[in-house]
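# Per-entry structural report
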Amino acid sequence: MKKILIVEDSKVVNNIVANELKLLGYSCTQVYNFISAVEILNKNKYDLIILDLHLPDGEGYELIHNIQSLSDTKVVILTGNTEKQLREELFHHGILDYIIKDKNLSYAIQELHKILAHIEDVKTHNILVIDDSTFICKQIESILLPRNYKVTIAKTGKDGLEKLVNGRFDLVTLDMELPDIHGSDVLEEIKSHKEFIDLPVIVISGTNDSDLIRKIYKKGGSDFIRKPFIVEEFALKVDLWTDYRKKHYEEIEQKDLLLSQQSKMATMGEMLENIIHQSKQPLSLITSLASGTLMKQEFNQLTTEYLEKNLEQIIQSALHLSETMTMFRNFYKKNSFKTTFDLSELFMKAFQLTESKFHNRGIATITNFEDIKVYGFDIELLQVFINILNNARDEFGRKQIEKKYIFITTYLQDNFVYISIKDNAGGIPEDIIEKVFDSHFTTKSEDEGTGIGLYMSKEIIEKHHEGEIFCVNENYSYEDVIYRGANFIIKIPLN
Ligand SMILES: Nc1ncnc2c1ncn2[C@@H]1O[C@H](COP(=O)(O)OP(=O)(O)OP(=O)(O)O)[C@@H](O)[C@H]1O
Ligand SMILES: [Mg+2]
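These remarks concern the structure in this document. (Residues numbered from 1 in each chain as written. Chains lettered and ligands numbered in written order. Predicted model: local features only at pLDDT ≥ 70, side-chain atom pairs only at ≥ 80, totals over all residues. Heavy atoms only, no water.)

Here S279 shows up in helix α9 (residues 231-298). Setting aside its immediate chain neighbours within four residues, S279 contacts L321 and M325. (Helix = DSSP H or I, 4+ residues; strand = E, 2+ residues; numbered from the N terminus. Contact = heavy atoms within 4.5 Å.)

On to the packing of aromatic side chains, then. Considering all chains together, one arrives at 13 aromatic pairs under this definition. A ring pair is formed by Y405 and Y478, whose centres lie 5.0 Å apart and whose planes are at 70°; its orientation type is edge-to-face. Of this pair, Y405 sits in strand β16 (residues 404-413) while Y478 sits in strand β18 (residues 468-478); the two residues are 73 residues apart in sequence, bridging distant segments of the chain. An aromatic cluster is built from Y405, F407, Y476, Y478 and Y483, whose rings are joined through pairwise contacts. The ring centre of Y46 lies 5.2 Å from the NZ or CZ of K3, which sits over that ring. Lying across the ring of Y306, K296 places its NZ or CZ 4.9 Å from the centre. (Phe/Tyr/Trp six-rings, centres within 6.5 Å; stacked < 30°, edge-to-face > 60°. Lys NZ or Arg CZ within 6 Å of the ring centre and 35° of its normal.)

Okay, the site of ligand 1 next. Not every one of the 19 residues close to ligand 1 is listed here, only the nearest: D423, T442, T443, K444 and T450. The side chain of N391 places a nitrogen or oxygen atom 2.8 Å from an oxygen atom of ligand 1. Within the side chain of D423, one N or O atom sits 2.8 Å away from a nitrogen atom of ligand 1. Relative to its free-state accessible area of 600 Å², ligand 1 is covered by the protein chains to the extent of 94%. (Near = heavy atom within 4 Å. Polar contact = N/O pair within 3.5 Å; in protein donor to acceptor, adjacent residues only side chain to side chain. Areas by Shrake-Rupley, 256 points an atom, 1.4 Å probe, with all protein chains shown as cover.)

Core analysis: the biggest nonpolar cluster contains 49 residues, and F385, I406, I421 and I490 have the highest contact counts within it. With nine residues, helix α12 (residues 378-397) is the single largest residue contributor to this core. Two domains each donate at least three residues to this core, and these are domain 3 (247-326) and domain 4 (334-493). Excluding its chain neighbours within four sequence positions, the residues that come into contact with I490 are V384, F385, I388, V417, Y418, I419, I461, E468 and I469. By size, the runner-up hydrophobic cluster in this structure holds 42 residues, among which are F91, V151, I202 and I204. (Core = buried A, V, L, I, M, F, W, Y, C linked by side-chain atoms within 4.5 Å. Buried < 20%, exposed > 50% of the residue type's maximum accessible area, 1.4 Å probe, protein only. Domains from an automatic or database assignment.)

In structure tokens:
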């Protein structure tokens, strides 16, 4: 629980704020004058201090000097004082916010809620400051550190670009007047990288040149702050842009989660059908073995040998069933950490889970496996294999092909694992081959396909395994016959 100290001489205001915070689950200590605030600050540490500026026995802002580290103990000013210069100076000293008291405190309370949410936000945001002035960098640090930001400084454009590529940043502040490259060129370079298109860049400059400012926005700058800047404006803009980016990413994550669930459900539906199909045989075997045994027993013909043989077969069938069930259960459990597993064994599972649909359609799988261990999310890769196998099966279903084959080859090369899954169903039409990995791209009717199979597969290979997946149409010969089909190639770095 966070500890909050309220320093406010009006009993009424002090109590309203304290009650509001207690309702939110904070532990509050209330003091009413300067002296007791100093005393209590020497003895205890607080996460947040809500501070009135005018106290009967002293000036509230002098208390800031009694606080050791503004990164650990944050200060919010609550005051009736609207003096601009003091306000700016306090922001300069690292206060989190400056709230003007209104009549019924409703605005102040609302602001407090916002600030608390900001402090509670466990994720610290990383800010890259590209600026050659030591003074400005120090100033920015003193503003951002108390607000839970992590600051990295680059003194040249080159250094900044390097740090950006090698790190993970949520926002960049960029000075225009840099010693090596002009800021607007740095901006252009940043925005030429696809992954930085959504990265907020706040440009800081002393310029009055309206052409330059227009250029900055055109080149993808998010905001412009003129030097010498107002500290409060700077702090608020950083808060605003990081918040915006966070929301944006949460939205994308949410969408991806939904898609991945949909795709999993589709695969699961097929697997379930397959399991039911596959369970029929062992189940009927178990029943007939058991009733056969009963029968012999009734006619007193049951020998120990016969009983043992039958029970052994029953056990085998039951074990086989339970294995398939476990596999299915694992599939829909979340795969939260990577493991090392045998690639050909994973393919065996994929075959087992799709078997019935392949067998009765006369599709033969021809494998050529090297002995390869992969470090990754096995259940996710299983899903990728099943997606690709199912696609080939669907394609065979749409065409008249006499001999249907799926060739699966795995091999190691230059520290990469290669997996090729190739069919002879005729290939993907050239005018859509570029689009097959797009989400919701499908050539199937609504109940046959949703078009997320390959999209999800690409996400799994690229985002979770740092690999690549692509497809090509190939002409090749097998047993002296020329075939044509799609070849899906997956490339994953070893470890
Ligand atoms: N082996 C293949 N041969 C020919 N076309 C293919 C092959 N695999 C995929 N495609 C084409 O790529 C499209 C996209 O495949 P994807 O797996 O993403 O979606 P889908 O199979 O249509 O639907 P879903 O997998 O979501 O049920 C397919 O609709 C099909 O047109
Ligand atoms: Mg598919």
